[in-house]
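# Notes for the structure review
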Amino acid sequence: MGEILFIALIFIIACSAIWVVSSPNLVHSAVALLFTLFGVAGLYVFLYADFLAATQVVIYVGGILVLIIFGVMLTNKIDKPVIVSNSSNKIIGVFVSGFIFSMLSIIVFQTKWNILPNHSEGPSTVKLIGNLILGKYLLPFELVSILLLAALIGSAMLARKKIHE
């Protein structure tokens, strides 16, 4: 049952990722990106990485995707969210991505994976990551949060209207 669910999840991710790239409508691409990001969260669940799955849903689906949709809907530089691009780089992109996909497929199928017969559940990833963030990596975590706060303040300053113009 798990294998069928995994194959269905991979199929959903692949189809929605292709739709993200090939759709001429930006809103349709954003909705397809929603399915892709939820599928990746499902892959994290299969890997028993519960914290990463929750982070994927909260940050990428809940934050980044909503930001993309608001950016498309609220922009005043385009009249409609359909951008048509006829690029000659599509053929080169297909060949390069096909080459990378074939190399990764060869590596995956030729690697001897160590599959343990008893998959006992280890400690929670939330506990491990929490101990690392609040212990060993506390100073870099706080520095990154200050950097993100500065970027947020800077973007708010740039986005507000100037009165004297």
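Above this text sits the structure in question.
Below is a summary of the structure that appears in this document. Residue numbers restart at each chain and count upward from 1, following the sequence in its written direction. For this predicted model, a pLDDT threshold of at least 70 governs which residues receive local features, and a threshold of 80 or more governs which side-chain atom pairs are given and counted, while totals over whole chains, interfaces and linings are taken from all residues. Side-chain metrics rest on all non-hydrogen atoms present in the structure, leaving aside hydrogens and water.

### Here's the deal with the packing of helix α1 (residues 2-22) against helix α2 (residues 26-46)
The test is simple: Interaxial angle, 0 to 180 degrees, is taken between N-to-C directions of lines fitted to C-alpha atoms, where a helix line uses only the stretch in contact. Every helix listed is a DSSP run of H or I at least four residues long, and every strand listed is a run of E at least two residues long, numbered separately from the N terminus. The scheme is simple: roughly parallel for angles under 35 degrees, roughly antiparallel for over 145, roughly perpendicular for 65 to 115, oblique for anything else. Note on convention: the crossing is left-handed when the near helix lies turned anticlockwise from the far helix by less than a right angle, right-handed when the turn is clockwise. Residue contacts are defined here by distance: any two heavy atoms, one from each residue, within 4.5 Å place the two residues in contact. Under the grouping applied here, Gly and all other residues not named as nonpolar or charged are polar, the nonpolar ones being Ala, Val, Leu, Ile, Met, Phe, Trp, Tyr, Cys and Pro and the charged ones Asp, Glu, Lys and Arg.
Two elements in contact, α1 and α2, have axes whose closest approach is 8 Å; the angle formed by their N-to-C orientations is 150°. Between α1 and α2, the angle falls in the class roughly antiparallel. When you trace α1 past α2, the crossing you get is left-handed. The segment α1 lies against α2, with Gly2, Leu5, Phe6, Leu9, Ile10, Ile13, Ser16, Ala17, Trp19 and Val20 engaging His28, Ser29, Ala32, Leu33, Phe35, Thr36, Gly39, Val40, Gly42, Leu43 and Phe46. Residue composition of the contact of α1 with α2, by class: 14 nonpolar, seven polar and no charged.

### Regarding the side chain of Ser23
Which entries qualify depends on this criterion: With a 1.4 Å probe rolled over the protein chains alone, any residue whose accessible area is under 20% of its type maximum counts as buried; one over 50% counts as exposed, and the rest are partly exposed.
Examined against the element boundaries, Ser23 turns out to sit in the loop between α1 and α2. Look at Ser23 and you get buried, because its relative accessible area is 10%. With residues near it in sequence (within four places) discarded, Ser23 still touches His28 and Ser29.

### Overview of a nonpolar patch on the surface
How we decide: Patches here are clusters of residues that have more than 30% relative accessible area and form no salt bridge, with a 9 Å joining cutoff for like charges and a 5 Å cutoff for nonpolar side chains (Val, Leu, Ile, Met, Phe, Trp, Tyr). Only the protein chains shown count as cover for residues, and all accessible areas are computed by the Shrake-Rupley method using a 1.4 Å probe. Only one rule defines a salt bridge in this text: a Lys or Arg side-chain nitrogen within 4 Å of an Asp or Glu carboxyl oxygen.
Side chains of Ile92, Val96, Phe99, Ile100, Met103, Leu104, Ile106 and Ile107 sit close together on the surface and give an oily, nonpolar patch of about 760 Å² of accessible area. By the element assignment, Val96 lies in helix α4 (residues 89-110).

Everything listed is a geometric property; what it means functionally is a separate question.
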